[in-house]
Amino acid sequence: WMKPATLSHPAGAGKCYLHWLGKGDVFHEVKQHEWAFRLYDDQAEEFPQRVCAYAWSLIGKLGSGAHTKRGIDTLSWRHFVACFDPPEQVDSPPGVQLYENGVPQQRACEKATRYATYNVVPMAGAAALRFGTRSLSKPWLQGGIAEVALYDFVLGGDEIARHHECGRRAFG
């Protein structure tokens, strides 16, 4: 669950987005990027006021990702779930799936969501899991994060919808 207090990022942030949950950083000039949620600000040309989930190869560069279908606001809590397929998945092309409030946001077969589109090979790195940012040297989310859960398997759509329904009682 996430609720931003603002959709404008601090002056000098240098980007039109900030990472609000994820794993990725640079250690002694060695990149260790894994995955993250991004919040695009109200000035972003590509995804204004939207949330995206991305997976990267450890070296970073372009990542595979999915985004919300519409912009978000600062008035309500939103339930976001990112599913990162195992790279060895064979029944369909592996990639990223994003859910908002229990509803899938992009079809898993869309080009930008697939790992192969950007040569992404997801793997575990040395970066810490961070809440509110992905890197300590970058801007932090102004707002709230609650009820974070991580799984070592991909949840199905029905289970994600049930999680949303249970949380909706607490977060509206």
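Remember, predicted model here, so these are calculated numbers, not experimental data.

Trainee: I'd like a description of the packing of aromatic side chains, backed by residues and values.
Mentor: This model, assessed by the stated rule, comprises nine aromatic pairs. Centroid distance Y40 to F47: 5.3 Å. Interplanar angle 65 degrees. Geometry classified as edge-to-face. The exposure class of F47 is buried, given its relative accessible area of 11%. Counting every residue linked through ring pairs, the aromatic cluster contains W1, W77 and F171. Looking at R38, its charged tip hangs above the ring of Y17, at a distance of 3.7 Å from the centre. Just above the ring of Y54 sits the side chain of R38; from NZ or CZ to the centre is 4.5 Å.

Trainee: Outline the side chain of D41, listing residues and values.
Mentor: Position of D41 relative to the elements: it lies in the loop between β3 (30-40) and β4 (51-57). Buried and unpaired, D41 has no salt bridge, with R50 as the nearest side chain of opposite charge at 12 Å. A polar contact is formed between the side chain of D41 and the backbone nitrogen of A44, at a distance of 3.0 Å. Setting aside residues up to four positions removed in sequence, D41 forms contacts with L7, S8, H9, K15, C16, P48 and Q49.

Rules and cut-offs
- Residues numbered from 1 in each chain as written.
- Predicted model: local features only at pLDDT ≥ 70, side-chain atom pairs only at ≥ 80, totals over all residues.
- Heavy atoms only, no water.
- Phe/Tyr/Trp six-rings, centres within 6.5 Å; stacked < 30°, edge-to-face > 60°.
- Buried < 20%, exposed > 50% of the residue type's maximum accessible area, 1.4 Å probe, protein only.
- Lys NZ or Arg CZ within 6 Å of the ring centre and 35° of its normal.
- Helix = DSSP H or I, 4+ residues; strand = E, 2+ residues; numbered from the N terminus.
- Lys, Arg positive; Asp, Glu negative; His and termini not counted.
- Salt bridge = Lys/Arg side-chain N within 4 Å of Asp/Glu carboxyl O.
- Polar contact = N/O pair within 3.5 Å; in protein donor to acceptor, adjacent residues only side chain to side chain.
- Contact = heavy atoms within 4.5 Å.

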